[in-house]
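Take a look at the letters that make up each chain.
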Amino acid sequence: MLPLPTVKLDRGIHVMHLFYGIDREHWAQLPPGHSAQTRLRLETLCDANAAAAHPRVVTYANISGKADLAFMLYAAELGCIGQMHRDLEACFPPGTLQKAYSYLSVTELTEYRSTDEENRQLLIQQEKLQPGTEGFDRRLAELTQRREEYEHYRLYPEMPDWEIMGFYPMNKRRDGGDNWYLLDFTTRKRLMGGHARVGRKFVGRVTQLITGSIGLDDWEWGVTLMAHQVDAIKEIVYEMRFDEVSARYGEFGPFYINLRLQPAALWEHLRL
């Protein structure tokens, strides 16, 4: 096999969401033992791509009725994630998979994150600390470390292996007076600050991964939500609806709710 070109991002990794249906007629016609062999190939692929961040292949059962199987793929190289995609499909006998939906995106840093200068001003204006003092330097170091950890998580996420994975794509609206891209940066940053505060209320209940897809797929961002319970996802999406960023400027694609299952449990659940 000829090697694929090495294509990396300046920073961050590629993420792919894949959703498939099973063609039950084709599956029923498989010779004896082929189902077990398919599961073994999938298990082998997952075991070979089981890093905490990347490369990684994670398996789910789709519960929302739009598909049967769901997968999340993480890889630093574009060719790698493309090969993982093909290797995944090659695990299954020809004709048994029917692609329901796919989405390619990349991890990225939000342009609205706090800067070092903003942190300095926060310490001076809100915490009343004077530059050059021990207290100021200690707090600035804490804020700098927090920023660096946040940026690393956004670019190289290690998503928790929780029971529920929800996914949906979204855009920022460009409709007449509600055009996100005609707002000035200061206004957009203020609005996104309020949006982020809503998300922080769900720390410990929902883990979010926001990936960018402008120029890569049909929507501008992909939103992945990990949770232990479906109601946590329902609540965070509902509460976000009242925030101006969503209520006025948000457009949303199809929602997929998925249950985390290892291949053996996936086979039993789908009666494969």
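Everything numeric here is computed off the predicted structure, so don't read it as measured data. (Residues numbered from 1 in each chain as written. Predicted model: local features only at pLDDT ≥ 70, side-chain atom pairs only at ≥ 80, totals over all residues. Heavy atoms only, no water.)

Enquirer: It is not clear to me how the overall build of the protein chain should be interpreted in this structure. Could you clarify?
Expert: Broken down by element type, the protein chain carries 9 helices and 11 strands. Along the first, second and third principal axes, the C-alpha set of the protein chain runs to 75 × 40 × 35 Å. By the burial criterion, 46% of the 272 residues in the protein chain qualify as buried. Within the protein chain, contacts between residues at least 6 apart in sequence are counted, and of these 77% link residues at least 24 apart. (Helix = DSSP H or I, 4+ residues; strand = E, 2+ residues; numbered from the N terminus. Buried < 20%, exposed > 50% of the residue type's maximum accessible area, 1.4 Å probe, protein only. Contact = heavy atoms within 4.5 Å.)

Enquirer: What is the right way to read the packing of aromatic side chains from this model?
Expert: To describe a pair of aromatic rings, one takes the distance between the centres and the angle between the planes. Enumeration over the complete set of coordinates arrives at 16 aromatic pairs. Pairing Tyr-112 with Phe-185 gives two aromatic rings, centres 5.7 Å apart and planes at 25 degrees, and the pair type is stacked. Placement of the pair is Tyr-112 in the loop between β4 (97-107) and α4 (116-125) and Phe-185 in helix α6 (residues 185-200), with a sequence separation of 73 residues. Aromatic ring contacts, followed pair by pair, group Phe-19, Tyr-101, Tyr-103, Phe-167 and Tyr-256 into a single cluster. Seen from the ring of Tyr-256, Lys-66 lies directly overhead, with NZ or CZ sitting 5.5 Å from the centre. Taking the ring centre of Phe-252 as reference, the NZ or CZ of Arg-241 above it sits at 4.2 Å. (Phe/Tyr/Trp six-rings, centres within 6.5 Å; stacked < 30°, edge-to-face > 60°. Lys NZ or Arg CZ within 6 Å of the ring centre and 35° of its normal.)

Enquirer: It is not clear to me how the nonpolar core should be interpreted in this structure. Could you clarify?
Expert: Note that soluble globular proteins tend to have their nonpolar side chains buried in a common cluster. Ranked by size, the top nonpolar core spans 26 residues in total, and within it Leu-42, Leu-69, Phe-71, Leu-73, Leu-88 and Phe-92 carry the most contacts. Leave out the neighbours within four places in its chain, and Phe-92 touches Ile-22, Trp-27, Thr-38, Leu-42, Leu-69, Phe-71, Leu-97 and Trp-267. In terms of nonpolar packing, the next biggest core, distinct from the first, is built from 19 residues, Val-15, Tyr-103, Trp-162 and Tyr-256 among them. (Core = buried A, V, L, I, M, F, W, Y, C linked by side-chain atoms within 4.5 Å.)

Enquirer: What's the story with the pattern of salt bridges in this structure? I'm lost.
Expert: Working definition: two side chains of opposite charge can pair if their charged atoms are close together. For the coordinates displayed, the defined rule picks out 18 salt bridges. Residue Glu-89 is joined to Lys-99 by a salt bridge in which the shortest nitrogen-to-oxygen separation is 3.8 Å. Here Glu-89, found in helix α3 (residues 78-90), pairs with Lys-99, found in strand β4; they are 10 residues apart in sequence, far enough to count as distant. According to the relative accessible area criterion, Glu-89 is partly exposed, its value standing at 24%. Put simply, Asp-178 and Arg-248 hold a salt bridge, and the shortest N to O gap is 2.6 Å. On the criterion of sequence distance, the pair formed by Asp-178 in strand β7 (residues 178-179) and Arg-248 in the loop between α8 (244-247) and β10 (250-252) is long-range, its members being 70 residues apart. Looking at Arg-248, the relative accessible area reads 34%, which means it is partly exposed. Salt bridges sharing common partners tie together Arg-113, Asp-116, Arg-147 and Glu-151. (Salt bridge = Lys/Arg side-chain N within 4 Å of Asp/Glu carboxyl O.)

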